[in-house]
Amino acid sequence: MTPRIQENLIAGALLVIFGVFALICLRFGPNARLVPLPMALLGFVLVLGYLLTLNIRSTATVTTVKNETDGELSKQSPRELQAFAGVTAFVVLIALFGPVIAVFLFSSGYLVFSGYAFPARSIVIATIFTTIIYLLFVVGLQLQLYHGILEPIFR
Amino acid sequence: MSEPILAGLVALATPQAVLFMCIGVSYGLLIGILPGLGGIVALSLLLPFTYGHELAATLSLLLGAHIATIWGGSVTSILFKVPGAAKSLALVFDGHPMAQQGQASRALGASATAALLGGLVGAIFLAFSIPIVRPVMLALGPSEYLMMALWGLTIIATFSDGSLWKGLIATTLGLMIAFIGMDPVSGTPRFWFGSVYLLDGISFPVAMIGLFAVAEMMKLYVKGGTIADRIASEERSSVLDGVKDAFSHWWLVCRSSLLGLWIGVLPGVGASVGGLAAYAQAAQTSKTPERFGKGAVEGVIAPDATLGANEGGGLMPTLAFGIPGGESMAILLVAFLSMGIVPGPQMLIGELDLVFSMVWIIVIANLLTTLVGLVISSRLARLPALSPNILIPLVLSVCFFGAFATRGLVIDVIVTGIFGALGYLMAKHEYSRANLVIAMVLAEMIERNLHISLGLYGNNFIFTRPITLVMFIFIAITTALPFYRRYRTNQDANS
């Protein structure tokens with residue numbers, strides 16, 4: 001997928017978002033929509049203007065390929081998918097098992113997956129991580145823990 | 001006058017007060033370094049421990065922790081591009097590029113020294129300026145606060161370094177995200193899509209952890225390598241360089257401190273605006289504004305001096321009128337009341353010793369924080385060079401735990417993940433995350449004050465309120481300035 005198509009897709013999604021926001025605003029009373037409606041319309045117009053600039057003007061520059069730090073993010077789609085999958089997996093683990101077990105499972109899994117350490121060493125490092133975070137948040141800050149959706153099964 | 005100043009200091013010379021000050025500063029630094037857990041969380045967690053101790057000791061614990069969280073937040077902004085709290089956001093823009101260039105020690109040294117100098121200015125101001133500032137504060141109304149918030153938004157003109165279209169789109173998107181939840185004026189639920197969670201709006205710390213911390217870890221994984229471009233052994237700067245920088249830019253420190261004081265004195269404006277405004281004024285008044293965003297030390301000094309001074313300013317309305325200058329001050333106010341301290345004009349007459357104790361606490365806590373900061377800076381500077389295989393799971397774990405800790409809701413963890421993905425996509429396609437965050441911070445202030453201004457002063461309030469009009473003209477000028485500079489630069493390049 002070329003950078004121009006990617007830019008168009010993102011701008012298209014934003015156009016839909018601002019359009020939906022504007023339509024929803026129409027259902028609010030005059031006070032509640034006083035600021036959001038003009039802002040949603042402004043956003044819609046801005047995205048439209050950007051799309052026109054991107055596609056009509058011959059001199060339009062697609063800046064996607066140049067990232068703010070290294071300029072290489074757009075060429076890394078397999079690792080990109082892994083990054084999204086990793087974050088999703090962590091969130092799912094927290095929802096299923098609660099944050100403490102999730103930190104242990106994610107850390108040990110990540111260390112094995114990345115090839116940084118063998119399973120036994122990964123488990124040791126993950127245990128240290130989990131203990132530090134447990135001491136910080138649960139003991140130090142007295143955070144009430146969530147035990148996950150699966151808690152009733154383990155009881 | 002000298003008697004209450006001395007009595008205020010003597011009250012702090014007990015073993016319990018000294019111990020509590022040390023505990024408060026250490027605890028504040030630790031909490032400040034954890035993403036999303038700023039001064040508000042630190043103070044909230046300390047509230048149960050405020051009973052049954054000496055008054056001066058309890059104040060040392062609370063104020064010491066509060067002062068230390070500010071610099072703690074700056075550390076993560078500089079090293080990991082992860083603002084510890086909204087007020088530390090401006091440190092990301094130049095502090096992190098400095099860390100990437102192997103100048104983390106210099107950035108941390110400049111940050112700690114600027115915060116100290118700003119804090120001292122704030123404390124001195126708190127001690128001597130109450131009679132002067134009171135009439136100015138009372139002269140400002142909601143329309144002036146609206147102008148302050150709009151000024152914050154116009155800073156975007158400075159930040160939109162790349163595509164102006166994308167900068168403006170990100171700003172508008174940030175405003176729309178902030179409008180999710182109950183309308184602050186009429187109580188109408190907006191954009192909640194039937195979800196009770198969304199009725200409360202998107203939690204700001206949660207969104208910020210996702211947009212910056214999670215997204216940065218995703219970026220780090222995708223690009224590989226370490227956060228810093230150089231390895232720690234190649235760190236070329238020293239903490240002393242940063243200290244010298246802060247002193248050599250003394251005029252910038254003074255200007256930024258005064259700005260921080262002013263923002264702190266205004267009730268409800270908050271330090272988030274102060275840090276960004278300080279950054280903008282530093283960029284706008286610099287002879288070389290093109291260096292900003294690429295690792296200019298002035299971009300670190302200005303926000304930190306403002307944040308340091310902001311605390312002294314914020315205490316002023318809290319003590320003198322019982323009006324908190326921001327969220328943290330609101331929690332302090334609750335703590336004061338629970339300790340039997342009743343803020344108000346009478347306090348400045350009858351309990352002057354206590355007021356000066358607080359001034360001394362600010363001074364000592366700032367000194368202690370800076371001392372500890374300068375000692376640990378060189379070690380902290382090595383963190384960005386850690387292996388990403390260790391850093392990514394550790395930072396992500398702290399981030400998701402931090403997101404969960406903000407309200408104890410697992411859905412906040414999911415929202416953090418969503419904002420992480422959004423932050424990554426925004427960084428990849430060069431939509432400014434800073435613009436989105438600034439807009440989120442200022443949206444409620446703009447909306448609330450616009451409604452009140454229209455209700456109180458009518459539709460033409462800008463022209464009927466002289467101070468508002470002056471501020472409006474000032475905003476117009478400061479907004480036009482970057483465009484004018486860009487135009488002049490282009491003209492010079494063409495000629």
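None of these values were measured; they are calculated from a predicted model. (Residues numbered from 1 in each chain as written. Chains lettered and ligands numbered in written order. Predicted model: local features only at pLDDT ≥ 70, side-chain atom pairs only at ≥ 80, totals over all residues.)

Helices and strands together make up the secondary structure of chain B, namely 24 helices and 2 strands. Counting across all 495 residues of chain B, residues that qualify as buried make up 59%. (Helix = DSSP H or I, 4+ residues; strand = E, 2+ residues; numbered from the N terminus. Buried ≥ 20, exposed ≤ 12 C-beta atoms within 10 Å, placed from the backbone.)

Let's shift gears to the overall build of chain A. When its secondary structure is counted, chain A shows 6 helices and 0 strands. Ordered by position from the N terminus, the helices and strands of chain A form the series α-α-α-α-α-α. The burial tally for chain A puts 30% of its 155 residues in the buried class. In chain A, once contacts between residues fewer than 6 apart in sequence are set aside, the share between residues at least 24 apart is 51%. (Contact = placed C-beta atoms within 7 Å.)

Bringing unusual backbone geometry into the picture now. Residues and elements named next belong to chain B. One non-glycine residue, phenylalanine 191, lies in positive phi territory at about 50 degrees. Within the fold, phenylalanine 191 resides in the loop between strand E2 (189-190) and helix H11 (196-199). When the 19 C-beta atoms within 10 Å are taken as the criterion, phenylalanine 191 is described as partly exposed.

Across the contact, 49 residues belong to chain B and 54 residues belong to chain A. Counting residues per element, the ones that place at least two in the side of chain B that touches chain A are helix H10 (164-178), helix H12 (204-223), helix H20 (388-407), helix H21 (410-428) and helix H22 (433-457) of chain B. Looking at which element gives the most residues to the side of chain B that touches chain A, the answer is H20(B), with 11 residues. Residues that form the side of chain B that touches chain A fall into these classes: 30 nonpolar, 12 polar and 7 charged. (Nonpolar A, V, L, I, M, F, W, Y, C, P; charged D, E, K, R; others polar.)

On to the nonpolar core. Counting residues in each nonpolar core, the largest one holds 193 residues, and the members touching the most others are Ile301(B), Val359(B) and Ala365(B). Ranked by residue count, the leading element in this core is helix H4 (residues 55-80) of chain B, at 15 residues. Two domains share this core, each providing at least three of its residues, namely domain 1 (3-73) and domain 2 (77-140) of chain A. (Core = buried A, V, L, I, M, F, W, Y, C linked by C-beta atoms within 7 Å. Domains from an automatic or database assignment.)

You can see Ile263(B) is positioned in helix H14 (residues 250-265). Along the sequence, Ile263(B) and Leu91(B) sit 172 residues apart, while their C-alpha atoms lie 17 Å from each other.

Taking 1.5 Å of rise per residue, the 19 residues of helix H2 (residues 15-33) of chain B would be expected to cover 27 Å, and the 27 Å separating its terminal C-alpha atoms lies within 8% of that figure. For H2(B), every residue scored as buried is listed here: Ala17(B), Phe20(B), Met21(B), Gly24(B), Val25(B), Tyr27(B), Gly28(B), Leu29(B), Ile31(B), Gly32(B) and Ile33(B). (Expected span 1.5 Å × (residues − 1).)

So, about the packing of helix H6 (residues 104-128) of chain B against helix H19 (residues 352-380) of chain B. Residue and element names in this part refer to chain B. The contact between H6 and H19 brings their axes to 9 Å, and the two run at 175 degrees. Relative to H19, the element H6 is oriented roughly antiparallel. Taken together, the residues of the contact of H6 with H19 sort by class into 15 nonpolar, 10 polar and no charged. (Axes fitted to C-alpha atoms, helices over the stretch in contact; angles between N-to-C directions. Parallel < 35°, antiparallel > 145°, perpendicular 65-115°, else oblique.)

Residue and element names in this part refer to chain B. Running from N to C, H20 and H21 cross one another at 135 degrees; their axes reach a closest spacing of 8 Å. When the interaxial angle is binned, H20 and H21 end up oblique. For the pair H20 and H21, the sense of crossing is right-handed. From H20, Cys399, Phe400, Ala403, Phe404, Thr406 and Arg407 reach across to H21, where they touch Val410, Asp412, Val413 and Thr416. (Left-handed = near helix turned anticlockwise from the far one by under 90°.)

What follows is about the environment of Cys254(B). You can see Cys254(B) is positioned in helix H14. C-alpha of Cys254(B) to C-alpha of His66(B): the two residues are 188 residues apart in sequence and 22 Å apart in space.

Our next topic: the confidence of the model for chain A. Mean pLDDT over chain A stands at 84; residues scoring 70 or higher make up 86%. Taken as a whole, residues 63-71 of chain A scores under 50 in pLDDT and shows 18 contacts with residues more than four places along the chain or in a different chain. (pLDDT = per-residue confidence, 0-100.)

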